[in-house]
Structures are given as C-alpha cells and as structure tokens.
Amino acid sequence: MLSLQQQKALQWLDEGKNFFITGGAGCGKSYIVNQIAQSEQIYKTIHITASTGKAAYLINGVTIHAFAGIETGVKSVDYYKRHMHPDIKKTWLETDVLIIDEISMINASTFDLLHSIACEIRQCYDELFGGVQVIAWGDFFQLPPVTGQFVFKSQIWQHYMTEVLVLTQCFRQKDDEQFFGALNEIRFGQVSDKTIDYFMTRCFEKDENLNSKYTRLFFRNIEVDVYNNQKMETIKQEGYWFYAKDVTKNQNIPCTFQIPAAVYLKIGAIVMLVRNNYVEEGLCNGTIGTVILIENNAVWVMMNKTEVKIECVKEEILDCSHAVVGSRFGLPLKLAFSFTVHKAQGSTMNKAVVQFNSKAFINSLYYVSLSRVCNINDIFIIINNKFDLRTLFKSITVDSDVLEFYKKYL
C-alpha cells in the first residue's frame, strides 16, 4: 500500500507535472518508480531510465544515455541531432513521460544537453524536454556526479523542476527509529557525540571473528578484488571457470552486462545472483548464497535455505526502441564475499561488514555503507582503533550547495 507521500507522486503524474522525488536511503523511491510504471496511464508512453547501468537494471529500465542516444554526452547538440539513430529519434517523439532514477549522478550540463536535444527533435522550445513530462528520483546527499555541477544548478532545472516531493517515512529501518535517526545525522553531516557512541558499539578491530558469510563492503574495487581472492584461496576445493559468450550487434552502443564475462567458483564460495530469472523460487537480483555443488554447465547454490540450480542464461541489452544491440550467455553469478559501497547503493542487505580502515573518497559513502541494513545490530564496522571513529564522523561534511537546496524543502 502506498503512503500518502507516495500517493502524491501518482497525483502529480496524472496532472502532468514535472517533479523530483527525494529522500534518504530506504524511503521507498524505487517502489514508487515501479508503481508509476505499472499505473493505468494507458494514454501515456512511459520510459524508465537511470544514470547508471546498475540503477537502470534494478528498475527494469535503460541508461539515460542509451535512451537519448548521446553516448558519453560530451558532443554538441547539433552533432547528436545529425547522427541520431532514427529509432531513438522516433522514441523521443513518442515519449510522454520520462523517468530518470539516481539523478544525483547526472550533472547540470548533461541535463541541459538532454533538454536541448529533446526540444530540437520535438520542435518545442518553451517546455521542459520539448513537452516530455520529466520525473526525477534521487538523493543529493548520496553519490554526486563524477564531474561537473549538481543537476539542480542547471537553469533549466531551476525553471521547470519546481515541484519537489521529499519522502520522510522510512521503510528499510522502520523498526529501528534510533538507527534511522543516527543515519540521518550522518547524511546531513551533523553527527552528535551520542550517535558516535551509538555506532562505536558496532566497531570491531578485527574481521576474523565475524561470520565469513556476511557481505563485506569496501570503498575501492582493488580492496574488493583482494578480499575475494583471499577468501577463495582459503577454500581447499578444486576451482572451475565459467566463461560467457557475447554477441554484439551494434558496435556504437556499449553493452554493460550484469552477467560476468568469466567467474571462477569453488564449492563453499559466497556468490550473488545477478539476474531475476529465479523469481518463482523467491530469488531475485542481489540474493546471496553459498555454492554447494558444481556441474558442467550449472552450479547448485544454497539460497534462502533452499538448494537452487543456477544455469547459464541469456542477457540482452536493448536500446530505447527495445531492439537488441547485444547479448551475453553465461552464468548469472558473481563472487560476493565483498563488493564496493558504490555497487551497494539502492540495495538492502541482511548483514554488512563495512571496512573503515581506508578512507572513503566521497564523504557520502559513509552514509551509503551504513544505511544498507534494517537494524543497527546488522552492521559491523571494522576499524583499527574504535576511538578513531569519533574523528572520522566529526570530519564528515556535506556539500554546501546540497544543504542550501534541501533547506527549501525540509
């Protein structure tokens, strides 16, 4: 059932408003995306996009760059207009509603570029995106754009995206209000001594004493690779490689697959399902389990106390016209002893061990890492000296432009 705040989003959809939905981790942003996509807007053509491939995958959409036909988005409007594929141009013309998830990772210049392209193609210059209703999702307190200014610094955004819906009801930590409040202090960069003492109860100086099946979160890919390899080396079993087969139909469109190109597995390895091919068994993308048997073309995994046979499947990459531009046939599993905090954004985890011995390169990663679980007792912080946590939390700052933006709506 939708909350009153979530119902407001469907009302604005009906009214044709352009709007931005925001809120902390676990406030139901992705749930509303699915509700809008499934709503009875039979007279509207709705396209779902996201700033990254992972985020797009989680909401059954495509990247905004693929939808718009802008590749990396660094060339001129005139270039994209002259080189745009007819199918992409047709989709721009037929789109009534455009959803953009994880908008915080799209910068102002890219948003302006999308607006200019849409206006040129649709020959409408006095409405946002040439008359397309735009619904954006995200949290500017989480991951920022890699380069450039926040999207809300765009004059186009400021002129047209005037409706903002701030979700305040938490669903992920709904049974642990103290945890939710503590997380919000980190999100806003205003961490009290009480909250620091609260998190210090979850500090551990060594990882070895914690359950090896709990997923480890690191800030850098190299740390993930090292940890996964170390864990695999401790398993005294024979290893097996599974290699995927790719078919690329359009060399101009990069294909980012969820299925790995190759994965090395052993009995006892912790793995994560990366496809939604097993929903009838109650399993979905992100489900974690343990390998219990390896066959020639399949792997048996214990997931949710059930033995599941995971076989090779086909994953297809579609462009905005739903034409297949590339496919991969492979095993939908990857090692999951650990992964990056960046990869964990948007997901909910049962247990998480976060490594604070290395410094996060973006302050918001601390909030993202700690907010993946539902209860304070489900998080484990690894730090050489627990008293260093006080200095770390006190050093967390939030971008002044982000604070100024939210002051208008909180």
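Here, every reference points to the structure presented above.
Computed from a predicted model, the values in this text were never measured in an experiment.

Novice: Report on the overall build of the protein chain, specifying residues and quantitative values.
Specialist: The number of helices and strands found in the protein chain is 15 helices and 21 strands. Scaling as 2.2 N^0.38, a compact globule of 410 residues should have a C-alpha radius of gyration of about 22 Å, and the protein chain matches this with 22 Å. With 410 residues in all, the protein chain has 51% of them scored as buried. Within the structure as shown, the protein chain displays about 19600 Å² of accessible surface, and the carbon and sulfur contribution to it stands at 49%. Across the protein chain, 41 positive and 43 negative side-chain charges occur, with their mean positions spaced 3 Å apart.

Novice: Give a detailed account of the environment of V33, specifying residues and quantitative values.
Specialist: Looking at where V33 falls in the secondary structure, it is placed in helix 2 (residues 29–37). Judged by its relative accessible area of 0%, V33 falls in the buried class. Not counting chain neighbours up to four residues away, the residues in contact with V33 comprise I48, I59, I99 and W137.

Novice: I'd like to hear about the packing of aromatic side chains, residue by residue, with values.
Specialist: This model, assessed by the stated rule, comprises 31 aromatic pairs. Ring centres of F20 and F140 lie 5.1 Å apart, and the angle between their planes is 35 degrees; on these two criteria the pair is classed as tilted. Here the residue F20 occupies a position in strand 1 (residues 19–23), and F140 occupies one in the loop between strand 5 (133–137) and helix 8 (155–160), the gap between them amounting to 120 residues. Judged by its relative accessible area of 3%, F140 is buried. Measuring from centroid to centroid gives 6.2 Å for F179 and F199, while their planes differ by 65 degrees, and the two rings are edge-to-face. Remark: F199 occurs in helix 10 (residues 193–200) and F179 occurs in helix 9 (residues 177–188); sequence separation between them is 20 residues.

Novice: Explain the sheet that holds strand 21 (residues 379–382) residue by residue, including any values.
Specialist: One open sheet accounts for five strands, arranged 7-21-20-8-19; its pairing is parallel. The open sheet has two edge strands with one neighbour each: strand 7 (203–204) and strand 19 (338–340). Sheet strands touched by helix 11 (residues 221–233): strand 8 (215–218) and strand 19. Its angle to strand 19, the strand with the most contacts, is close to 175 degrees.

Novice: So what's going on with the sheet that holds strand 5? Residues and values would help.
Specialist: Read from one edge of the open sheet, six strands run 3-2-4-5-1-6, paired in parallel fashion. Of all strands in the sheet, those with a lone pairing partner are strand 3 (62–63) and strand 6 (163–167), marking the two edges. With two bridges joining them, strand 2 (residues 46–50) and strand 3 adopt parallel strand pairing. Note that in strand 3 the partner of A50 across the bridge is T63. Relative to the sheet, helix 1 (residues 4–15) contacts strand 1, strand 4 (97–101), strand 5 and strand 6, its axis offset from that of strand 6 by approximately 160 degrees.

Here is what the cut-offs are and how they apply
- Within each chain, residues carry numbers counting from 1 in the order of the written sequence.
- Reporting of local features is limited, given that this is a predicted model, to residues whose pLDDT is at least 70; pairs of side-chain atoms are given and counted only at 80 or more, and all residues count toward the totals for whole chains, interfaces and linings.
- For side-chain calculations, the full set of non-hydrogen atoms in the structure is used, while hydrogens and water are omitted.
- Numbering of helices and strands runs from the N terminus; a helix is a DSSP stretch of H or I covering at least four residues, while a strand is a stretch of E covering at least two.
- In this description the radius of gyration comes from C-alpha coordinates, and the expected globular size is given by 2.2 Å times residues to the power 0.38.
- The buried label applies to any residue whose accessible area, calculated with a 1.4 Å probe on protein chains only, is under 20% of its type's maximum; exposed applies above 50%, and partly exposed to all values in between.
- Using the Shrake-Rupley algorithm and a 1.4 Å probe, accessible areas are obtained, with residue cover drawn only from the displayed protein chains.
- Note on charges: Lys and Arg go in the positive column, Asp and Glu in the negative column, and His and the chain ends are not counted at all.
- Working definition for charges: the position is that of NZ of Lys, CZ of Arg, CG of Asp or CD of Glu.
- Contact definition: two residues touch when any of their heavy atoms are within 4.5 Å.
- Pairing of aromatic side chains requires ring centres within 6.5 Å, counting the rings of Phe and Tyr and the six-membered ring of Trp. Pairs whose planes differ by under 30 degrees are stacked, by over 60 edge-to-face, and all others tilted.
- By the convention used here, strands pair only if DSSP detects at least 2 bridges between them.
- Simply put, an axis is a line fit to the C-alpha atoms, just over the touching stretch for a helix, and the angle between two N-to-C directions goes from 0 to 180 degrees.

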